[in-house]
2 protein chains.
Amino acid sequence: MSQVDVFINQTAEWLRAAGPDSDIVVSSRLRLARNISGFPFLQKMSVPQQQEVVEKVKVATETCVGLKEAYYLRSTDLSELDRQFLVERHLISREHATEGGSKAVAITPDEVVSLMILEEDHLRLQTFQSGFSLGEAWKIIDVIDNELEAELDFSFNPNLGYLTACPTNVGTGLRASCMLHLPSLVLTKQVHKVLQALTKLNFAARGLYGEGTQATGNFFQFSNQITLGQREEEMIDNLERVIRQVIAHEKEARQFLRSKRKVKFEDQIWRAVGTLKSSRIISSSEATQLLSLVELGIDMDLVKSSLTQQEWSGLFLLIQPAHLQKINKKKLNSSERDICRADLIRERLKKITL
Amino acid sequence: MSQVDVFINQTAEWLRAAGPDSDIVVSSRLRLARNISGFPFLQKMSVPQQQEVVEKVKVATETCVGLKEAYYLRSTDLSELDRQFLVERHLISREHATEGGSKAVAITPDEVVSLMILEEDHLRLQTFQSGFSLGEAWKIIDVIDNELEAELDFSFNPNLGYLTACPTNVGTGLRASCMLHLPSLVLTKQVHKVLQALTKLNFAARGLYGEGTQATGNFFQFSNQITLGQREEEMIDNLERVIRQVIAHEKEARQFLRSKRKVKFEDQIWRAVGTLKSSRIISSSEATQLLSLVELGIDMDLVKSSLTQQEWSGLFLLIQPAHLQKINKKKLNSSERDICRADLIRERLKKITL
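All chains use their own residue numbering, which begins from 1 and follows the written sequence. Chains carry letters and ligands carry numbers; both start at the beginning, A for chains and 1 for ligands, and go up in the order they are written. Residues qualify for local features only when their pLDDT is at least 70, as the model is predicted, and side-chain atom pairs are given and counted only at 80 or more; totals for whole chains, interfaces and linings, by contrast, use all residues. Only hydrogens and water are set aside; all other atoms, that is, all heavy atoms of the structure, feed into the side-chain values.

Asker: Residues and numbers for helix H6 (residues 191-200) of chain A, please.
Answerer: Residue and element names in this part refer to chain A. For each residue, the accessible area found with a 1.4 Å probe, counting protein chains only, is set against the maximum for its type, and the residue is called buried under 20%, exposed over 50%, and partly exposed in between. Put simply, DSSP marks the helices as runs of H or I at least four residues long and the strands as runs of E at least two long, and each gets a number from the N terminus on. If you check which residues of H6 are buried, you get Val191, Val194, Leu195 and Leu198. For H6, the arc enclosing every buried residue in end-on projection is 95 degrees, short of the 170-degree limit, so these residues lie on one face. Of the residues in H6, the exposed ones pointing more than 90 degrees away from the buried face are His192, Lys193, Gln196 and Lys200. Buried residues in H6 make contact with helix H5 (183-187), strand S9 (203-206), strand S10 (219-224) and helix H7 (232-260). At the exit of H6 stands Asn202, carrying a positive phi of roughly 70 degrees. This arc corresponds to the set of directions leading from the helix axis out to the C-beta atoms. We call two residues in contact when some of their heavy atoms are within 4.5 Å.

Asker: Run through the relation of the copies chain A and chain B, naming residues and quoting values.
Answerer: Of the transformation placing chain A onto chain B, the axial shift is 0.1 Å and the rotation is 180 degrees, giving an RMSD of 0.1 Å. The superposition operator between the copies reduces to a two-fold rotation axis. Among all C-alpha atoms of chain A, that of Gly274 of chain A lies closest to the rotation axis, at 2.2 Å. Of the interface residues in chain A, 100% have counterparts in chain B that sit at the interface too, so the contact is made through matching surfaces. For this overlay, a least-squares fit was computed on C-alpha atoms, restricted to residues scoring pLDDT of at least 70 in both copies.

Asker: Explain unusual backbone geometry to me, using residue names and the numbers behind them.
Answerer: Residue and element names in this part refer to chain B. In this structure, Leu118 is a non-glycine residue whose phi angle is positive, near 65 degrees. Note that Leu118 resides in the loop between strand S4 (113-117) and strand S5 (123-130). In this structure, Lys189 takes a positive phi of about 55 degrees despite not being glycine. Inspection of the secondary structure puts Lys189 in the loop between helix H5 (183-187) and helix H6 (191-200). For Lys189, a relative accessible area of 73% translates into the label exposed.

Asker: Outline the interface of chain A and chain B, listing residues and values.
Answerer: Opposite the 17 residues of chain A that make contact, chain B presents 17 residues. Between chain A and chain B the total buried area reaches about 1,500 Å² when both faces are included, carbon and sulfur atoms providing 62% of it. By definition, the buried area sums, over both parts, the 1.4 Å-probe accessible area that each loses when the two are put together. For the chain A face of the interface with chain B, the top three residues by lost area are Arg271, Arg280 and Ile281 of chain A, together amounting to 37%. What makes a salt bridge here is a side-chain nitrogen of Lys or Arg within 4 Å of a carboxyl oxygen of Asp or Glu, nothing more. Where chain A packs against chain B, one counts 2 salt bridges. Across the pair Glu286 of chain B and Arg271 of chain A runs a salt bridge, and its minimum N-O distance is 2.8 Å. Any residue outside Ala, Val, Leu, Ile, Met, Phe, Trp, Tyr, Cys, Pro, Asp, Glu, Lys and Arg is labelled polar, Gly included; the first ten of those are nonpolar and the last four are charged. Split by residue class, the side of chain A that touches chain B holds 6 nonpolar, 4 polar and 7 charged.

Asker: Explain the side chain of Asn218 of chain A to me, using residue names and the numbers behind them.
Answerer: Counting through the fold element by element, Asn218 of chain A comes out in the loop between S9 and S10. A distance of 2.7 Å separates a polar atom in the side chain of Asn218 of chain A from a polar atom in the side chain of Ser292 of chain A. Within 3.5 Å is the distance limit for a polar contact, defined as a pair of N or O atoms, with the added protein rule that one can donate a hydrogen and the other accept it, and that residues adjacent in sequence qualify only through two side-chain atoms.

Asker: Give a description of the packing of helix H11 (residues 321-328) of chain B against helix H12 (residues 334-348) of chain B that names residues and reports values.
Answerer: All names here are of chain B. The axes are straight lines fitted to the C-alpha atoms, using for helices just the contacting stretch, and the angles between their N-to-C directions are given from 0 to 180°. At a minimum axis separation of 10 Å, H11 and H12 run at an interaxial angle of 75 degrees. The orientation of H11 relative to H12 falls into the category roughly perpendicular. In this structure, H11 contributes Pro321, Leu324, Gln325 and Asn328 to the contact, and H12 contributes Arg337, Cys340, Arg341 and Leu344. Partitioned by chemical class, the residues of the contact of H11 with H12 number 4 nonpolar, 2 polar and 2 charged. In what follows, roughly perpendicular refers to angles from 65 to 115 degrees, roughly parallel to angles under 35, roughly antiparallel to angles over 145, and oblique to any angle outside these ranges.

Asker: Could you give an account of the environment of Ile327 of chain B, with specific residues and numbers?
Answerer: Residue and element names in this part refer to chain B. Topologically, Ile327 is positioned in helix H11. Along the backbone, Ile327 and Leu257 are 70 residues apart, and their C-alpha atoms lie at a distance of 37 Å. The residues contacting Ile327, other than those within four sequence positions of it, are Ile8 and Leu318.

Asker: Requested: an account of the sheet that holds strand S2 (residues 71-74) of chain B, with residues and values cited.
Answerer: Residues and elements named next belong to chain B. Between any two strands, pairing holds if DSSP finds at least two bridges. Across the sheet, 8 strands lie side by side as S2-S3-S4-S5-S1-S8-S10-S9; this open sheet has antiparallel pairing. The sheet terminates laterally at S2 and strand S9 (203-206), the two strands that pair on one side only. Each adjacent strand pair in this sheet contributes to an overall mean axis angle of 20 degrees, direction not counted. Its contacts with the sheet put helix H4 (residues 134-151) on strand S1 (25-34), S4, S5 and strand S8 (174-181), and the angle it makes with S5 is roughly 150 degrees. Helix-sheet contacts for helix H7 (residues 232-260) involve S1, S8, S9 and strand S10 (219-224), and the interaxial angle to S8 is about 10 degrees.

Here it is, written out as structure tokens:
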């Protein structure tokens, strides 16, 4: 039994699909990059310095109201599987999971806040809110950031703002992003147009698992690219405005599918249900893609499901490699996972009728 | 109500899937090409001569024991849809259905014998037997051929044998063929090797609907290419020997799938079931392909179906364009058919459980 197993039976906040516009905006995320004065950036840090930072931050979190309930997990306490599990829950980054050295992460029991220690920067603080709730996420992260700053001396330059390991994060150190589910824009082949327009406006679009990952299952993560020369609230407002436009496009596309392409659309949704309910071997990317279509069908009242929202959203996580291995309580290679995944999905989808 | 509608609720002999080795050899077919002395070949024939032949053969069939129960259908009595319907039941050829001029076809009520009048030759007599029964088919066709020859003076040359419009049919005028269902050779990617070997031995392989058609749904029609210099029984023996080898290969491939590729194989079969039970739009080629996989699953006891053999075999025919229009009692364009086909399959496949 690992410490991270406490999370397995709950739906990660970023996937909970509650909150405003949660049929399109799965979740909102903010992160702040901070570094502690008196220590070099991670790349130049000695191992004893790393250990010192890990323990220093541990002490800081204990006096911090927003983090004192958090699990403080040192990377040495975590198996490779545990780390992969946390990556799948978006609680640590792939880099944090795989790079060596002394590291840690603090995670609140509700998975709303996680604080990575010694990722690219000394501190990477993130908050998730289900649905389209950047404002709510900002309230939470701002409080914790202030609490941490009261305990730790952050590297700050009056002209530049917060100093960070990578110049693209200098200033506010803020990145705001929203995870959007855009199946109708994909089905109507409009999504590339939307992505191009956003890139021109300096917003980045990424896949389900962050930088460098492909958009899987029609999930797209949109974030601001500029951290310098804007106040935090202004940045968040800009992202919100853009996301609202994307939501409107996706809604239009859903209406178009319902009114102009009804039979073809129902065919695609029902084939997805049929394949998920019958396959014996399925990859995580195919499963995510098909679950995405079924989710669209549920959102549009075409598919009747007696799964709770939590059971449903949870499926997207449970089919991921580390989650599958945790549930099955054993190491599984890729072929074994494809079989276990198909079994799990067939079992859960009994609550969806053809 | 058209005369051909009498056939709609029965399973065509060529698809009935009874008889020896019928899990692999769907049916056996023999056809004889004959021409009547004193008339030019079809291409040189005037319309009055065509009409004369149509009526002359009509009279001959009436005194012929094997054909006196047959429906004698003149092409002018048949709508385009009726002719397409007969093509789908393999009772007339596509050429006979679409080329103009005076034509006719005699069909026994059990669809075992059909006699096309004025196809490429004046007479094309064919018999179907379900399963691997070339010998049985030969007994039937030989009797009728002799009966017809007693009434009609066939063009015959003592050196060459029966004369035919195309030199490839001169001699016996016989073509023997078997329709084989070879899903396992396709799944194990061995089918091309088998087809190549057969071609070298002067056997032709064709699709579900004869010359020039692609193999659909893993159905392959194998026939002899040589009509000259061999006695009929010898030709049939040669084909039988080759077919027996193909049957053995398919059986081996089925065993291989069952023992060495079990999960992957079950995945393919069950995905086919899932798609057929859920799609809202499906083309006839996709449907045939998927039904073929489910048939394999039934043959191998992987799929439990409470459909009768007749209900099941009938599906392959009922999803064809003309059959769909006959059942729905209206003209349907291609998109409408794709929807009706999916509806029909979903309805029928309720008797198959996931």
